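Chains, contacts and geometry: an overview
Residues per chain, in single letters:
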Amino acid sequence: MAHELPPLPYDYAALEPHISADIMRLHHDKHHDTYVKKLNEALGQAPELQNKSAEELIRDLSSVPESIRAAVRNNGGGHVNHSMFWQIMKPEGGGNPTGAIADAINETFGDFNSFKEKFNDAGVKQFGSGWAWLVAGADGKLKITSTANQDNPLSNGEFPILGNDVWEHAYYLQYQNRRPDYLTAWWNTVNWEEINRRFAQRNR
Ligand SMILES: [Fe+2]
C-alpha cells in the first residue's frame, strides 16, 4: 500500500501573517509530496515493508534493508515530520498552552516563556537543516532536543510531542536569513488541542 500525502487541514493562507501562503503551498505540495514519492520509490524494493506505517519504519530502522535505509530514514522521516507539522498548527492558533501539556511544561521548565526560549534556542542552534523538538524521553521526562535533516525522535526511542521545522524551505521566502524571527512568530500558529492529543499518546 503506497504512502499518501495528507491534505493540508486548512487553506494555504490560513496561517498568515505568521507563515505566508507561498511558503505553505511550496512546503506542502512540493517538499512533503517529494518525501512521500521518494519513500514509495524506496519501498518498491522492499515489498515486505509495504504494510508498515511510516512511523513503524523509522522507529525500527534496523529492520529496513541497508540498501534503502538512508532513503527511508530521510524520506520516511520527512513524511512523518511534516504530517505532524500541519496538524500541530492551525488558523487563530497560539496563545498559552492548555490542558495537561501546560502543567507538564510548567513543571519541567518553570513556565511557558522559559520553555519557549529554550526551544527557540535549540532551533537557532541547529546547524543547517533540521528540527527542534519537545519530546518525551524513554524515562517519560519531557526534554528539548534537535535533530539534523529529517531525523525523527522516534528513531532514538523518544516520542515527539511537538516539533518545528527549521529547514530554510520552512521560512526563507518570508523571513530570509532571520530564523529567530520565524521561530518566534511560529508560536502564533500552534494548535494546543492537537499537542495535548499527542502528549496523551506518548506512552503508547
Ligand atoms: Fe519542511
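Description of the structure in this document. As the structure is a prediction and not an experimental result, all values here were calculated from the model. Think of each chain on its own: its residues are numbered from 1, step by step along the sequence as written. Per-residue local features of the predicted model are confined to residues with pLDDT of at least 70, and side-chain atom pairs are confined, for both listing and counting, to 80 or more; whole-chain, interface and lining totals are unaffected and use all residues. The side-chain quantities take in all heavy atoms of the structure and omit both hydrogens and water.

Only DSSP runs of H or I covering at least 4 residues are called helices, and only runs of E covering at least 2 are called strands; the numbering of each starts at the N terminus. Of regular secondary structure, the chain possesses eight helices and three strands. Put simply, the chain runs from its N terminus to its C terminus through helices and strands in the order α-α-α-α-α-β-β-β-α-α-α. In terms of C-alpha radius of gyration, the chain reaches 17 Å, essentially the compact-globule figure of 17 Å for 204 residues. Considering only C-alpha atoms, the chain reaches an extent of 45 × 40 × 30 Å along its principal axes. By the convention used here, residues are in contact when the closest approach between their heavy atoms is within 4.5 Å. The contacts of the chain with a sequence gap of at least 6 include a subset with a gap of at least 24, amounting to 67%. What sets the accessible areas is the Shrake-Rupley method with a 1.4 Å probe; for residues, cover comes only from the shown protein chains. Taken as a whole, the chain presents about 9,900 Å² of accessible surface, with 47% of it coming from carbon and sulfur. For the radius of gyration, the atom set is restricted to C-alpha positions; the globular benchmark scales as 2.2 Å times the number of residues to the power 0.38.

Below, the discussion takes up the environment of Ala-71. Within the secondary structure, Ala-71 is located in helix 3 (residues 66–87). Buried means the residue's accessible area, taken with a 1.4 Å probe over protein chains only, is under 20% of the maximum for its type, while exposed means over 50%, and partly exposed covers the values in between. Judged by relative accessible area, which is 26%, Ala-71 ranks as partly exposed. In this structure Ala-71 touches Ala-42 and Gly-76, once residues within four positions along its chain are discounted.

Glancing now at helix 1 (residues 21–43). Residues that lie three or four places apart on an α-helix share one face, since the helix turns once every 3.6 residues. Multiply 1.5 Å by the residue count of a helix minus one, and that product is the helix's expected span. When the terminal C-alpha atoms of helix 1 are compared, their 32 Å separation across 23 residues agrees well with the 33 Å that a helix rising 1.5 Å per residue should span. Maximal helix bending in helix 1 amounts to about 30°, located at His-27. Those residues of helix 1 that are buried lie in contact with helix 2 (54–59), helix 3, strand 3 (159–165) and helix 6 (172–175). Consider a residue and the seven residues that end there alongside the seven that start there; fitting an axis to each set, the bend is the angle between those axes.

Function cannot be inferred from these measures alone, as they are strictly geometric.
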